[in-house]
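What the coordinates show
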Amino acid sequence: RQGTAWPVAWSLSSELAVLKQFQALGHGCRSRPGHIGAASARPCSGPNARADAQLCQDAWQRKRFVLLDNVSTRDRLPEIVTHPDFVRRLACRRTGVGFDQLMICSSCPSDAALFVMDIVNGDGSKASMCGNGARCFATFVLDVVGLTTARRFNVMIPAAPDPTGATRAPRIVVLDAMTPGSVSVEIGQPTVELDLAGIIAVPVTFVEHVVHVVGVQLGNPHCVLVLPPNTDLGSLDVPAVGRAIGTSTAWSPDGCNVGFVSVADGKTAGTHVLNLRVWERGCGETLSCGSGSCAAYAACVGRDALPTPSDGVAIDVVMPGGALSVSMVAGSLHLRGPTELVFVGQLSVPDEAAYRGQLAKAGGASDTVKSSVSDETPRQC
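Here goes a summary of the coordinates provided. Bear in mind that the values here come from a model prediction, so they are computed numbers and not experimental data.

This part covers the environment of Leu194. Tracing the backbone through its elements, the reader meets Leu194 in the loop between strand 12 (191-193) and strand 13 (212-217). Between the alpha carbons of Leu194 and Val213 there is a distance of 7.3 Å; along the sequence they are 19 residues apart. Discounting chain neighbours no more than four positions away, the residues touching Leu194 are Val213, Val214, Gly302 and Arg303.

So, about helix 4 (residues 290-302). With 13 residues, helix 4 should reach 18 Å at 1.5 Å per residue; the first-to-last C-alpha distance of 18 Å fits that figure. Taken across its 13 residues, helix 4 has twelve buried, putting it largely inside the fold. Taken residue by residue, helix 4 has Gly290, Ser291, Gly292, Ser293, Cys294, Ala295, Ala296, Tyr297, Ala298, Ala299, Cys300 and Val301 as its buried positions. Directly beyond the C-terminal end of helix 4, a positive phi value near 60° is found at Asp304.

What follows is about helix 3 (residues 238-246). By the burial criterion, the buried members of helix 3 are Val238, Pro239, Val241, Gly242, Ile245 and Gly246. Its buried side turned inward, helix 3 meets strand 14 (221-226), strand 15 (257-265), strand 16 (272-280) and strand 17 (284-286).

Formed by 54 residues in total, the largest nonpolar core has its most connected members in Phe137, Leu175, Leu274 and Tyr297. Element by element, the count of residues in this core is highest for helix 4, at eight residues. Counting 20 residues, the second largest nonpolar core, distinct from the first, contains Leu68, Ile80, Leu347 and Val349.

This part covers the packing of aromatic side chains. Throughout the structure, instances matching the rule amount to four aromatic pairs. Each ring, one from Phe115 and one from Phe137, has its centre 6.3 Å from the other, and the planes form 65°; the classification is edge-to-face. Here Phe115 is found in strand 7 (residues 115-121), whereas its partner Phe137 is found in helix 2 (residues 131-144), with 22 residues between them in sequence. No difference in accessibility class separates Phe115 from Phe137, as the two residues are buried. Between Phe206 and Phe260, the ring centres sit 5.7 Å apart and the planes meet at 85°, which makes this aromatic pair edge-to-face.

What counts and what doesn't
Residues numbered from 1 in each chain as written. Predicted model: local features only at pLDDT ≥ 70, side-chain atom pairs only at ≥ 80, totals over all residues. Heavy atoms only, no water. Helix = DSSP H or I, 4+ residues; strand = E, 2+ residues; numbered from the N terminus. Contact = heavy atoms within 4.5 Å. Expected span 1.5 Å × (residues − 1). Buried < 20%, exposed > 50% of the residue type's maximum accessible area, 1.4 Å probe, protein only. Core = buried A, V, L, I, M, F, W, Y, C linked by side-chain atoms within 4.5 Å. Phe/Tyr/Trp six-rings, centres within 6.5 Å; stacked < 30°, edge-to-face > 60°.

Listed below in structure tokens is the structure:
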């Protein structure tokens, strides 16, 4: 029912230790970093109320997801929650709680999966896959809202709309929370195009850095730039190059995610790690990308930049926000890593008619909201 509060949780793919009750209005929540381990919250009231929450400093250095429980409401979440303007306001820390992607948990209409996970990017666009988000989704349904006791189950991810009007099938992923302290997601078999050099136009100022241009489909499209071994990724202009490639429709009709990967020696002789940075559609550069890690693994193995690991042997993928492990089992990619709850609370949903009326009077989203997703630095907005 519009005007009521809906359960919401914010979860991350990294180690955090904050769990507090929190209430926020869609238009007015400001959060500021605090001391490690500190957290405080107070409820909001009134149409323009604000709430301040002190979170771990670490909370602002890794990927952020907000998850909504639509199962307990019998799948009656108001449509306004996924309106692009409303999502952008929530995603921006100046006007909302701040996140990279919004996940909505609903009942699955078929026996193919236990739940449906809809994914909305911070700019309001829809996504068809999110590896880290799927792992956080498992923590959410198991440990936050208690929708199931099964520690291994299927989730259906609806496909994002195709700009050409073609029908896209949903993807089924398998979530496994059997191992304490981590969650894995079986993303499935990748579709790899080993040479996109004649299709993807790499900026001339960057082309000398690239050894291979590989396309990987995992429900969402990834263009992976395989760089020479031990490349210093910190010196690369990932936002500019990623935007130039990712917004092009030459390979994928709705753009693509762009990965920058380099193989490096592991801690022990004969082992390897992948160093990775990712520019994501609808988010800009993020500090961690689960499906991007799987795409980088598939691209490096496909181009023999990485010796093919034995079945089930994990390779660490190191990103600015931390490391995840990727393995291949019987041709299917598996992603594993930790998840932790940051806060739980309630989202107050505005009256849809009034909200749309305000938008109409303003001529659409305000400039502040339109610019709420920045590519200058990872989710700096």
